[in-house]
Amino acid sequence: MRSRPAPRPRGARALAALPWLLVACLPAMVHAQPAVPTPAAVADSEVRALIAAIGQSGCRFQRNGHWHDAARAQAHLQRKYDYARRRQLAGDAETFIDQAATRSSFSGRPYRVACPGQPEVDAGDWFRARLASLRGRPAPR
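Keep in mind that what you see is a predicted model, and the values were worked out from it rather than measured. (Residues numbered from 1 in each chain as written. Predicted model: local features only at pLDDT ≥ 70, side-chain atom pairs only at ≥ 80, totals over all residues. Heavy atoms only, no water.)

Participant: How would you sum up the layout of surface pockets? Please name residues and give values.
Facilitator: Space inside the largest pocket adds up to approximately 260 Å³. Every residue lining the largest pocket is counted, 13 residues in all, and those nearest its centre are Lys80, Tyr83, Ala84, Gln99 and Ala100. Of all the elements in the fold, those that place two or more residues in the lining of the largest pocket are helix 3 (70-86) and helix 4 (93-101). Of the residues forming the lining of the largest pocket, the biggest block, 5 residues, is contributed by helix 3. Here the residues of the lining of the largest pocket are counted per class, giving 7 nonpolar, 4 polar and 2 charged. (1 Å grid on protein atoms, 1.4 Å probe; cavity = no way out; pocket = protein on both sides within 12 Å on 5 of 7 lines; lining within 4 Å. Points joined across faces, edges and corners; volume = space filled by probe spheres on them. Helix = DSSP H or I, 4+ residues; strand = E, 2+ residues; numbered from the N terminus. Nonpolar A, V, L, I, M, F, W, Y, C, P; charged D, E, K, R; others polar.)

Following this line, the structure appears as C-alpha coordinates:
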(Lines give C-alpha, C1' and ligand atoms only; values in the text may rest on other atoms or scores of the structure.)
Protein backbone atom coordinates (compact mmCIF):
# COMPACT_ATOMS: atom_id res chain seq x y z
CA MET A 1 0.00 0.00 0.00
CA ARG A 2 1.26 3.39 -0.97
CA SER A 3 1.30 6.22 1.48
CA ARG A 4 -0.40 9.43 0.57
CA PRO A 5 1.53 12.67 0.79
CA ALA A 6 0.59 14.87 3.69
CA PRO A 7 -2.22 17.26 2.79
CA ARG A 8 -1.15 20.83 2.18
CA PRO A 9 -2.50 23.41 4.56
CA ARG A 10 -5.45 25.38 3.27
CA GLY A 11 -4.32 28.39 1.21
CA ALA A 12 -0.81 27.00 0.65
CA ARG A 13 -1.24 27.05 -3.12
CA ALA A 14 -2.21 30.74 -3.04
CA LEU A 15 0.74 31.54 -0.79
CA ALA A 16 3.09 29.70 -3.14
CA ALA A 17 1.89 31.90 -6.05
CA LEU A 18 2.35 35.15 -4.10
CA PRO A 19 6.05 35.72 -4.93
CA TRP A 20 5.33 35.26 -8.64
CA LEU A 21 2.43 37.65 -8.45
CA LEU A 22 4.63 40.29 -6.79
CA VAL A 23 7.29 39.85 -9.45
CA ALA A 24 4.69 40.22 -12.18
CA CYS A 25 3.35 43.45 -10.63
CA LEU A 26 6.74 44.97 -9.88
CA PRO A 27 7.11 46.89 -13.18
CA ALA A 28 3.72 48.53 -12.68
CA MET A 29 4.56 49.41 -9.07
CA VAL A 30 7.90 50.95 -10.08
CA HIS A 31 6.34 53.15 -12.76
CA ALA A 32 3.27 54.15 -10.76
CA GLN A 33 3.00 57.88 -10.18
CA PRO A 34 1.35 59.44 -7.18
CA ALA A 35 -2.16 60.68 -7.85
CA VAL A 36 -1.92 64.30 -9.00
CA PRO A 37 -5.15 66.22 -9.47
CA THR A 38 -5.87 67.13 -13.07
CA PRO A 39 -6.20 70.81 -14.01
CA ALA A 40 -9.94 70.25 -14.50
CA ALA A 41 -10.26 68.79 -10.99
CA VAL A 42 -8.34 71.71 -9.50
CA ALA A 43 -10.52 74.20 -11.39
CA ASP A 44 -13.70 72.46 -10.27
CA SER A 45 -12.52 72.47 -6.66
CA GLU A 46 -11.66 76.18 -6.80
CA VAL A 47 -14.96 77.16 -8.42
CA ARG A 48 -16.93 75.14 -5.86
CA ALA A 49 -14.96 76.83 -3.08
CA LEU A 50 -15.73 80.28 -4.54
CA ILE A 51 -19.43 79.49 -4.77
CA ALA A 52 -19.41 78.21 -1.19
CA ALA A 53 -17.52 81.35 -0.08
CA ILE A 54 -20.29 83.67 -1.26
CA GLY A 55 -22.86 81.45 0.45
CA GLN A 56 -21.01 81.56 3.77
CA SER A 57 -19.99 85.22 3.56
CA GLY A 58 -23.03 86.90 5.05
CA CYS A 59 -22.75 89.43 2.21
CA ARG A 60 -25.53 90.70 0.01
CA PHE A 61 -25.36 90.12 -3.74
CA GLN A 62 -26.83 92.51 -6.30
CA ARG A 63 -28.11 90.98 -9.50
CA ASN A 64 -30.06 92.94 -12.14
CA GLY A 65 -30.65 95.80 -9.72
CA HIS A 66 -32.03 93.63 -6.89
CA TRP A 67 -30.23 92.63 -3.70
CA HIS A 68 -30.20 88.99 -2.64
CA ASP A 69 -28.87 87.25 0.45
CA ALA A 70 -25.77 85.08 0.36
CA ALA A 71 -27.71 81.80 0.11
CA ARG A 72 -29.60 82.97 -3.00
CA ALA A 73 -26.36 84.24 -4.53
CA GLN A 74 -24.78 80.84 -3.93
CA ALA A 75 -27.74 79.02 -5.48
CA HIS A 76 -27.74 81.35 -8.51
CA LEU A 77 -24.02 80.95 -9.17
CA GLN A 78 -24.24 77.18 -8.67
CA ARG A 79 -26.95 77.04 -11.35
CA LYS A 80 -24.76 79.07 -13.73
CA TYR A 81 -21.79 76.79 -13.05
CA ASP A 82 -23.89 73.64 -13.53
CA TYR A 83 -25.17 75.06 -16.84
CA ALA A 84 -21.60 75.74 -18.04
CA ARG A 85 -20.45 72.26 -17.01
CA ARG A 86 -23.36 70.55 -18.81
CA ARG A 87 -22.37 72.38 -21.98
CA GLN A 88 -18.66 71.73 -21.40
CA LEU A 89 -18.01 75.48 -21.16
CA ALA A 90 -16.53 75.42 -17.67
CA GLY A 91 -12.89 76.42 -17.65
CA ASP A 92 -10.63 77.44 -14.81
CA ALA A 93 -11.63 79.58 -11.82
CA GLU A 94 -10.65 82.80 -13.60
CA THR A 95 -12.94 81.89 -16.51
CA PHE A 96 -15.78 81.22 -14.10
CA ILE A 97 -15.27 84.61 -12.47
CA ASP A 98 -15.03 86.47 -15.79
CA GLN A 99 -17.89 84.70 -17.54
CA ALA A 100 -20.35 83.76 -14.80
CA ALA A 101 -19.69 85.52 -11.48
CA THR A 102 -19.09 89.06 -12.72
CA ARG A 103 -22.22 90.02 -14.63
CA SER A 104 -25.66 88.91 -15.61
CA SER A 105 -25.76 86.85 -18.78
CA PHE A 106 -29.36 88.04 -19.19
CA SER A 107 -28.96 91.83 -18.90
CA GLY A 108 -25.19 92.27 -19.00
CA ARG A 109 -25.33 94.34 -15.81
CA PRO A 110 -22.43 93.82 -13.41
CA TYR A 111 -23.00 91.99 -10.14
CA ARG A 112 -22.12 93.78 -6.90
CA VAL A 113 -21.27 92.46 -3.43
CA ALA A 114 -21.90 94.32 -0.17
CA CYS A 115 -20.44 92.80 2.99
CA PRO A 116 -21.17 94.11 6.49
CA GLY A 117 -18.76 96.88 7.49
CA GLN A 118 -17.11 97.03 4.05
CA PRO A 119 -17.69 99.17 0.98
CA GLU A 120 -19.74 97.72 -1.87
CA VAL A 121 -17.53 96.20 -4.61
CA ASP A 122 -17.85 94.65 -8.04
CA ALA A 123 -18.44 90.92 -7.72
CA GLY A 124 -15.47 90.19 -9.99
CA ASP A 125 -13.13 91.96 -7.58
CA TRP A 126 -14.68 90.16 -4.60
CA PHE A 127 -14.27 86.73 -6.24
CA ARG A 128 -10.71 87.45 -7.44
CA ALA A 129 -9.73 88.36 -3.86
CA ARG A 130 -11.28 85.11 -2.58
CA LEU A 131 -9.48 83.10 -5.25
CA ALA A 132 -6.15 84.69 -4.32
CA SER A 133 -6.85 83.85 -0.68
CA LEU A 134 -7.73 80.25 -1.62
CA ARG A 135 -4.43 79.95 -3.42
CA GLY A 136 -2.52 81.52 -0.53
CA ARG A 137 -1.57 84.65 -2.44
CA PRO A 138 -2.13 88.32 -1.68
CA ALA A 139 -5.35 89.73 -3.11
CA PRO A 140 -5.01 91.53 -6.47
CA ARG A 141 -5.33 95.29 -6.44
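There's plenty left to go through after this.
Participant: Got a sec to walk through the environment of Val42? Specific residues and values, please.
Facilitator: Along the chain, Val42 turns up in helix 2 (residues 39-56). Residues Val42 and Asp92, 50 residues apart in the sequence, show an inter-C-alpha distance of 8.1 Å.

Participant: Explain the pattern of salt bridges to me, using residue names and the numbers behind them.
Facilitator: On inspection of all chains with the given rule, the structure shows 8 salt bridges. A salt bridge links Arg48 to Asp44, with the shortest nitrogen-to-oxygen separation between them at 2.9 Å. Remark: Asp44 and Arg48 occur in helix 2; sequence separation between them is 4 residues, near one turn of the helix. In this structure, Arg112 and Glu120 form a salt bridge, with 3.0 Å as the shortest nitrogen-oxygen distance. Here the salt bridges do not stand alone but share partners, grouping Asp44, Arg48 and Arg85 into one network. (Salt bridge = Lys/Arg side-chain N within 4 Å of Asp/Glu carboxyl O.)

Participant: Can you break down helix 5 (residues 123-134) residue by residue, with the values?
Facilitator: Relative to the 16 Å expected for 12 residues at 1.5 Å per residue, helix 5 spans 16 Å between its end C-alpha atoms, a close match to the ideal helical length. Within the span of helix 5, buried status applies to Ala123, Gly124, Trp126, Phe127, Leu131 and Ala132. Those residues of helix 5 that are buried are in contact with helix 2, strand 1 (60-63), helix 3, helix 4, strand 3 (112-114) and strand 4 (121-122). (Expected span 1.5 Å × (residues − 1). Buried < 20%, exposed > 50% of the residue type's maximum accessible area, 1.4 Å probe, protein only. Contact = heavy atoms within 4.5 Å.)

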